[in-house]
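Residue-level structural notes
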Amino acid sequence: MPRFRITIRSKDREAMLDLVRVHKVQVFDHGTRHTDADGYSVDATAQPADIQKLKAAGYHVEQHEDVDEHGKKRQQEVGKGDRYKRPPDRG
């Protein structure tokens with residue numbers, strides 16, 4: 001099942017604390033950002049079913065990229081072999 005990077009927002013500080021205490025969401029950085037206009041926000045990863053539960057609980061959830069797919073694409077950028085290995089002598 002895919003996992004997505006998400007941003008969770010709420011105007012209620014206690015609701016943000018409940019993300020970890022009640023909803024068992026693993027947030028990034030273990031800290032919330034506070035902005036006067038939007039209240040509080042935090043980044044996390046979650047599966048689609050968990051995103052729906054958070055929305056049903058009254059959180060505003062912004063869904064970003066699929067972290068598993070993004071990771072697979074990034075792995076393609078990694079070189080193959082041992083770049084520090086000396087080439088064999090040809091003489």
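Only a predicted model underlies this, so the values are computations on that prediction, with no experimental measurement involved.

A look at the pattern of salt bridges
Enumeration according to the criterion identifies 4 salt bridges in this entry. Here the residues in one salt-bridge network are Glu 14, Asp 18 and Arg 21, joined through shared partners.

Examining the environment of Asp 12
Along the chain, the position of Asp 12 falls in the loop between strand E1 (4-10) and helix H1 (13-21). Residue class for Asp 12 comes out partly exposed when judged on its relative accessible area of 41%. Placed 47 residues apart in sequence, Asp 12 and Tyr 59 show a C-alpha to C-alpha distance of 9.6 Å.

Comments concerning the side chain of Ser 10
Considering the arrangement of structural elements, one finds Ser 10 in strand E1. Using a relative accessible area of 13% as the deciding quantity, one classes Ser 10 as buried. Here the side chain of Ser 10 touches Asp 12 through a polar contact of 3.2 Å, landing on its backbone nitrogen. Aside from chain neighbours lying at most four places away, what touches Ser 10 is Ala 15, Met 16, Asp 38, Gly 39, Tyr 40 and Tyr 59.

Some points on the confidence of the model for the protein chain
For the protein chain, per-residue confidence averages 84 on the pLDDT scale, and residues scoring 70 or more make up 84% of the total. Between the elements of the protein chain, mean pLDDT differs from a low of 68, seen in strand E2 (residues 33-35), to a high of 96, seen in helix H2 (residues 48-56).

Considering the environment of Ser 41
With respect to the secondary-structure elements, Ser 41 resides in strand E3 (residues 39-46). With a relative accessible area of 9%, Ser 41 lands in the buried category. Considered as a pair, Ser 41 and Lys 11 are 30 residues apart in the sequence and their alpha carbons are 8.6 Å apart.

Thresholds applied
- Residues numbered from 1 in each chain as written.
- Predicted model: local features only at pLDDT ≥ 70, side-chain atom pairs only at ≥ 80, totals over all residues.
- Heavy atoms only, no water.
- Salt bridge = Lys/Arg side-chain N within 4 Å of Asp/Glu carboxyl O.
- Helix = DSSP H or I, 4+ residues; strand = E, 2+ residues; numbered from the N terminus.
- Buried < 20%, exposed > 50% of the residue type's maximum accessible area, 1.4 Å probe, protein only.
- Polar contact = N/O pair within 3.5 Å; in protein donor to acceptor, adjacent residues only side chain to side chain.
- Contact = heavy atoms within 4.5 Å.
- pLDDT = per-residue confidence, 0-100.

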